[in-house]
Amino acid sequence: MRKILVTGAAGFIGANFVYYILKNFKDDQVIAFDKLTYSGNLANLKECEGDKRYSFIQGDITEKKDLQNAITDQITHIVHFAAESHVDRSITGPEEFIHTNVIGTFRILERIRELKWTEQGGKKMLHVSTDEVYGTLGSEGFFTEETCFQPNSPYSASKASSDHFVRSYFHTYGLPVVTTNCSNNYGPYQFPEKLIPLMTINALLGKPLPVYGKGDNIRDWLHVEDHCSAIETVLAKGKTGETYAIGGRSERTNMDIVNQICAIMDELHPEGKPHSSLITYVKDRLGHDFRYAIDCSKTENELGWKQKHTFEEGLRQTVEWYLANQKWWESILSGEYKDYYKKQYGN
Ligand code: NAD
Ligand code: TYD
């Protein structure tokens, strides 16, 4: 029986991962750990309240005491999602990214070093990272596990640094750690600051759809459930000390995504038709990476992972989720998000 501590469990991917484990692994226990920052939301974990295999601890990964309290000898696995995750926020305020993503990851590594974690002892920590550590691609080629790190934003620089610490703790201390570098996720519970929920919600509210630059930047989209199944696969079968790239083989330009969302909204919310009239081109993001695309052959071939969702089906299901869960995002929009939105996009 595994006792899995999930950091950042009240965030988008963390919450989806908690559900994934509770649903598919009946013998596992999950301890959700989260500071509940602006993007952490207990409402994301509502459906597992009452499950005896689930518990929640409010804590901060940068605080030694909180980690001593949560990472006890009984914990067998850690899946580490907790982070500051939004590129635009890292551009306006980088310091919190260094604190949380670098120091926080370092403190978790120190805690498992203190507890003398070994693979033979049945322990493993999985560090969840991003493909943004590899920098940007031109129109050709793919990122793989062999690609050099060339982070371009304060967010990706902080994640790259945390990846390096994880690597160094394997090489220096032999700790049982493994890292995944994943492409852009989408799906239920994603915080409304990110492209897909932001465009969906704005379309429904009849607000401008702010496309950075010309909208020709490309991302490789992966459904969050497929990311969760990949993480579980690496947790169970990944070799410690290694990294695994995870992607959706679904490259789309930002314009493609926004147009697809508008078309789905025209169908599901015909009163707002045509939603494409809301598209507004705004000032480009500073240092905006042009293209991300992952070749995930290693994860597929060595570990046997395969994604299930197609992008078009997954996007429709996601838009439907935001339409059906208006209360969830309305409560977010009424808080800190209002000030962020004003600062980022003006009135
Ligand atoms: P998110 O912003 O939705 O969630 C982050 C969670 O971490 C929140 O619940 C927040 O409260 C918590 N947190 C922040 N600081 C903390 C601290 N000091 N102590 C404890 N908890 C803290 O982010 P997400 O999109 O779910 O991303 C999760 C992880 O996956 C991140 O590490 C991110 O870098 C990585 N990742 C995300 C994507 C993506 O497309 N979203 C892609 C690849 C990798
Ligand atoms: P985002 O969801 O922030 O993810 P990331 O920056 O980590 O890839 O953005 C995805 C793409 O969408 C990125 O190229 C920036 C673009 N974008 C917009 O054009 N407008 C927006 O309002 C946002 C939030 C993003």
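Q: Could you give me a rundown of the site of ligand 1, with the residues and numbers involved?
A: Taken together, 28 residues lie around ligand 1, and Ile13, Asp34, Ser85, Tyr155 and Lys159 are the ones closest in. Contact between ligand 1 and aspartate 60: a nitrogen atom at 2.9 Å from a side-chain N or O atom of the residue. The backbone of asparagine 185 places a nitrogen or oxygen atom 2.9 Å from an oxygen atom of ligand 1. Look at ligand 1: alone it shows 830 Å² of surface, and the protein chains cover 97% of it.

Q: Hey, could you go over the domain arrangement of the chain for me, with residue numbers and the actual values?
A: Its domain assignment divides the chain into domain 1 (3–186 + 221–246) and domain 2 (195–218 + 251–288 + 310–338). Contacts between domain 1 and domain 2 engage 13 residues on the former and 18 residues on the latter. Around 1,200 Å² of area is buried between domain 1 and domain 2 when both sides are counted, 54% of it from carbon and sulfur atoms. Linking domain 1 with domain 2 are two salt bridges. Among the salt bridges present, the one from arginine 89 reaches glutamate 336, with a minimum N-O distance of 2.7 Å. Our count for the domain 1 to domain 2 interface comes out at five residue pairs in polar contact (both at pLDDT 80 or more). Top contributing element to the side of domain 1 that touches domain 2 by residue count: helix α3 (residues 87–92), with four residues. Here the residues of the side of domain 1 that touches domain 2 are counted per class, giving seven nonpolar, four polar and two charged.

Q: Lay out the packing of helix α6 (residues 195–205) against helix α10 (residues 311–324) with the relevant residues and their values.
A: At a minimum axis distance of 10 Å, the contact between α6 and α10 shows a crossing angle of 50°. Here α6 lies oblique to α10, going by the angle between them. Of the two elements, α6 crosses α10, and the hand of that crossing is right-handed. In contact with Ile196, Pro197, Thr200, Ile201 and Leu204 of α6, α10 contributes Phe311, Leu315, Thr318, Val319, Tyr322 and Leu323.

Q: Before we move on, can you summarise the environment of phenylalanine 33 with the specific residues and values?
A: When you line up the elements, phenylalanine 33 lands in strand β2 (residues 29–34). You can call phenylalanine 33 buried: its relative accessible area is 1%. A C-alpha to C-alpha distance of 5.9 Å links phenylalanine 33 and alanine 9, two positions 24 residues apart in sequence. Other than its neighbours up to four places away in sequence, phenylalanine 33 contacts Leu5, Val6, Thr7, Gly8, Ala9, Ile57, Gly59, Asp60, Ile61, Asp66, Leu67 and Ala70.

Q: Just give me the short version of the sheet that holds strand β5 (residues 124–130), but keep the residues and values in it.
A: Within the open sheet, the seven strands sit side by side as β3-β2-β1-β4-β5-β6-β10. Their pairing is parallel. Bordering the open sheet on either side are β3 (54–58) and β10 (243–246), each of which pairs with just one other strand. Sheet twist, expressed as the mean angle between neighbouring strand axes with direction ignored, is 20°. Here strand β1 (residues 3–7) runs beside strand β4 (residues 77–80); their pairing, made up of four bridges, is parallel. Bridge pairing in β4 links leucine 5 to isoleucine 78. Running over the sheet, helix α7 (residues 224–237) touches β1, β4, β5, β6 (177–182) and β10 and is turned about 145° from β5.

Q: Residues and numbers for the nonpolar core, please.
A: One finds Val18, Leu45 and Val79 to be the most contacted residues of the largest nonpolar core, which totals 63 residues. Of all the elements, helix α1 (residues 12–24) adds the most residues to this core, at nine residues. Counting contributing residues per domain, this core is built from domain 1 (3–186 + 221–246) and domain 2 (195–218 + 251–288 + 310–338), each supplying no fewer than three. Discounting residues that sit within four places of it in the chain, leucine 45 has contacts with Ala9, Ala10, Ala15, Val18, Tyr19, Ala32, Tyr54 and Phe56. The next biggest cluster of nonpolar side chains, apart from the first, holds 19 residues, and it includes Ile61, Trp117, Tyr169 and Leu175.

Q: Residue-level account of the site of ligand 2, with values.
A: Taken together, 19 residues sit near ligand 2, with Glu132, Arg219, Arg285, His288 and Tyr345 positioned nearest. A distance of 2.7 Å separates an oxygen atom of ligand 2 from a polar side-chain atom of histidine 288. Here ligand 2 loses 97% of its free accessible area of 520 Å² to cover by the protein chains. For the shell around ligand 2, the elements supplying multiple residues, two or more each, are α6 and β8 (209–212).

Q: Go over the side chain of serine 153, please, and point to the residues and values.
A: Structurally, serine 153 can be placed in the loop between β5 and α5 (154–173). In this structure, serine 153 is in contact with Val87 and Ser90, ignoring residues within four places of it in sequence.

Q: Report on α1, specifying residues and quantitative values.
A: Three- or four-residue spacings in an α-helix give side chains the same orientation, since the helix completes a turn every 3.6 residues. With 13 residues, α1 should reach 18 Å at 1.5 Å per residue; the first-to-last C-alpha distance of 19 Å fits that figure. Among the 13 residues of α1, eleven are classified as buried, and the element is accordingly described as predominantly covered. Considered for burial, the residues of α1 that qualify are Phe12, Ile13, Gly14, Ala15, Asn16, Phe17, Val18, Tyr19, Tyr20, Ile21 and Leu22. Tucked into the core, α1 has its buried residues touching β1, β2, β3, β4, β7 (184–186) and α7.

Q: Got a sec to walk through the layout of surface pockets? Specific residues and values, please.
A: Considering only enclosed or pocket space, the largest pocket measures out at about 440 Å³ in volume. In this structure, the largest pocket is lined by 16 residues; those nearest its centre are Asn16, Tyr19, Tyr20, Lys23 and Glu225. Sorting the residues of the lining of the largest pocket by element identifies α1 and α7 as the ones contributing at least two each. No other element matches the five residues that α1 contributes to the lining of the largest pocket. Roughly 370 Å³ of volume is contained in the second largest pocket. Taken together, 19 residues line the second largest pocket, and the ones lying closest to its centre are Glu145, Arg167, Gly241, Glu242 and Thr243. If one sorts the elements of the lining of the second largest pocket by residue count, α5 sits on top with six residues.

Conventions we followed
Residues numbered from 1 in each chain as written. Chains lettered and ligands numbered in written order. Predicted model: local features only at pLDDT ≥ 70, side-chain atom pairs only at ≥ 80, totals over all residues. Heavy atoms only, no water. Near = heavy atom within 4 Å. Polar contact = N/O pair within 3.5 Å; in protein donor to acceptor, adjacent residues only side chain to side chain. Areas by Shrake-Rupley, 256 points an atom, 1.4 Å probe, with all protein chains shown as cover. Domains from an automatic or database assignment. Contact = heavy atoms within 4.5 Å. Buried area = accessible area lost by both parts, 1.4 Å probe. Salt bridge = Lys/Arg side-chain N within 4 Å of Asp/Glu carboxyl O. Helix = DSSP H or I, 4+ residues; strand = E, 2+ residues; numbered from the N terminus. Nonpolar A, V, L, I, M, F, W, Y, C, P; charged D, E, K, R; others polar. Axes fitted to C-alpha atoms, helices over the stretch in contact; angles between N-to-C directions. Parallel < 35°, antiparallel > 145°, perpendicular 65-115°, else oblique. Left-handed = near helix turned anticlockwise from the far one by under 90°. Buried < 20%, exposed > 50% of the residue type's maximum accessible area, 1.4 Å probe, protein only. Pairing = 2+ DSSP bridges. Core = buried A, V, L, I, M, F, W, Y, C linked by side-chain atoms within 4.5 Å. Expected span 1.5 Å × (residues − 1). 1 Å grid on protein atoms, 1.4 Å probe; cavity = no way out; pocket = protein on both sides within 12 Å on 5 of 7 lines; lining within 4 Å. Points joined across faces, edges and corners; volume = space filled by probe spheres on them.

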